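# Reading the structure
Here is how the chains run, residue by residue.
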Amino acid sequence: MATPPQNPLQRNILAQIRVHRSMNTNTFDPRVWADWVQPNYHGRPNPPHNVDECIGDPDPADTCVACGATTACACIYDNWVNHTRTNWINRTTIQPVQSAGFGLFASECIPAGTILDEYCGELVPEDPTVSNEESTYWSNIPCGPRPSPATRYGRPVEIGQCAIDAQNRGSATRFVNHSCVPLAAIFEGRVGTQRRVKYVQTIVDIDEYQEIFVDYGEEWLKAEPHCWCGEKNCRKPNQAGGRRGPPPGGPGGPPPKAVAGRVARAGSV
């Protein structure tokens, strides 16, 4: 079946992404990093100064998401990210969802194992009081250069952590909502020797017009009064019986009204 045309909301978001490319890449504000101290750096501030210093220098033993290698490879981050961005534009659509603001839907059948896009946002220092699962938008990732040597006194040398905060900016993956029966998940890897990345990948086959979900985790669920997924094995069901609703007209229904002048985030209207 042919991919349906982009609805006005998605066209509006795409137009803003083209104009404000920072909305679709990781961004970095050195002011919030001024006092950051790299672990095992004798307590002296040692902040990164840009995105590459923050999440560059990945471990070659990690899996490259571009070619699958577990040794150093020549894959280029810009090539990979341009491919994945094209992927979500062609294969997904952003539509309003009752009780959740907006959601990400498949505009065609998407097989399991498909990388939908990089999970990106503003790079901020890790907050030790907030876990990945306690925040809807945060996802932690190693930060700073790899320790050299990698071990000291027989123990691995700790590497710093930062958080990708997608609350106010990021790629289409920031619109993915929670379900206790997820269809995708957030993974961590690298691209070549240039960049550490977090990305959203499908874990089951997804039907055309089906909403794409990830599991936000137990800590996030504990902080919520109830879950809206409505699945039979929901871990925290809404006792009132409500559940998150589909877009107006049902999945694949009439296109929603565009939100002029801004990109709405999941959980907002």
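Residues numbered from 1 in each chain as written. Predicted model: local features only at pLDDT ≥ 70, side-chain atom pairs only at ≥ 80, totals over all residues. Heavy atoms only, no water.

With an unreviewed UniProt entry as reference, the protein chain is termed SET domain-containing protein, source organism Byssothecium circinans.

### A closer look at the confidence of the model for the protein chain
When pLDDT is averaged along the protein chain, the result is 78, and 70% of the positions lie at 70 or above. No element of the protein chain has a lower mean pLDDT than helix α1 (residues 8-19), which averages 53, and none a higher one than strand β11 (residues 184-191), which averages 96. The low-confidence segment residues 245-269 (pLDDT under 50) makes 60 contacts with residues lying over four places distant or belonging to another chain. (pLDDT = per-residue confidence, 0-100. Helix = DSSP H or I, 4+ residues; strand = E, 2+ residues; numbered from the N terminus. Contact = heavy atoms within 4.5 Å.)

### Overview of the side chain of threonine 173
Position of threonine 173 among the secondary structure elements: in the loop between β9 (160-165) and β10 (177-178). Taking the relative accessible area as the measure of exposure, threonine 173 reaches 4% and is therefore buried. Leaving out residues up to four positions away in the same chain, threonine 173 has contacts with Asp117, Glu118, Tyr119 and Val200. (Buried < 20%, exposed > 50% of the residue type's maximum accessible area, 1.4 Å probe, protein only.)

### What to know about the pattern of salt bridges
A full pass over the atoms with the stated rule returns eight salt bridges. Note that arginine 235 and glutamate 218 form a salt bridge whose closest N and O atoms lie 2.6 Å from each other. Of this pair, arginine 235 sits in the segment after α4 (218-223) while glutamate 218 is found in helix α4, placing the two residues 17 residues apart along the sequence. Judged by its relative accessible area of 33%, arginine 235 falls in the partly exposed class. Judged by relative accessible area, which is 40%, glutamate 218 ranks as partly exposed. Salt-bridge contacts for glutamate 219 lead to lysine 222; the nearest nitrogen and oxygen are separated by 3.4 Å. You can see glutamate 219 and its partner lysine 222 sitting in helix α4, three residues apart, about one turn around the helix. What makes glutamate 219 partly exposed here is its relative accessible area of 30%. Residues joined by salt bridges that share partners form a network here, namely Arg85, Asp117 and Glu118. (Salt bridge = Lys/Arg side-chain N within 4 Å of Asp/Glu carboxyl O.)

### Topic: the sheet that holds β11
Backbone hydrogen bonds hold the strands of a sheet together, and the pairing may be parallel or antiparallel. What the three strands build is an open sheet, ordered β4-β12-β11; its pairing is antiparallel. Bordering the open sheet on either side are β4 (115-118) and β11, each of which pairs with just one other strand. Shown here is a sheet whose adjacent strand axes are inclined to one another by a mean of 35°, direction ignored. As paired strands, β11 and strand β12 (residues 195-202) are joined by eight bridges and run antiparallel to one another. Within the sheet, the bridge partner assigned to isoleucine 186 lies in β12 and is valine 200. (Pairing = 2+ DSSP bridges. Axes fitted to C-alpha atoms, helices over the stretch in contact; angles between N-to-C directions.)

### Let's talk about the packing of aromatic side chains
A complete count under the given rule lists six aromatic pairs for this structure. Look at tyrosine 216 and tryptophan 220: their rings are 4.7 Å apart centre to centre, the planes differ by 85°, and that puts the pair in the edge-to-face class. Here tyrosine 216 and tryptophan 220 have matching classes, each one buried. An aromatic cluster is built from Phe28, Trp33 and Trp36, whose rings are joined through pairwise contacts. Sitting above the plane of the tyrosine 77 ring, arginine 195 keeps its charged end 4.3 Å from the centroid. (Phe/Tyr/Trp six-rings, centres within 6.5 Å; stacked < 30°, edge-to-face > 60°. Lys NZ or Arg CZ within 6 Å of the ring centre and 35° of its normal.)

### Notes on the sheet that holds β9
Read from one edge of the open sheet, four strands run β1-β5-β9-β6, paired in mixed fashion. Because the sheet does not close on itself, it has two edges, and the strands there are β1 (27-28) and β6 (138-143). As defined by bridge partners, strand β5 (residues 122-125) adjoins β9 across four bridges and the pair is classed as antiparallel. Counted as the bridge partner of glutamate 122 is aspartate 165 from β9.

### Notes on the environment of threonine 202
When you line up the elements, threonine 202 lands in strand β12. Distance from threonine 202 to proline 111, taken between C-alpha atoms, is 7.3 Å for residues 91 residues apart in sequence. If we ignore the near neighbours within four places in the chain, the residues touching threonine 202 are Ile110, Pro111, Ala112, Gly113, Thr114, Leu116, Leu183 and Ala184.

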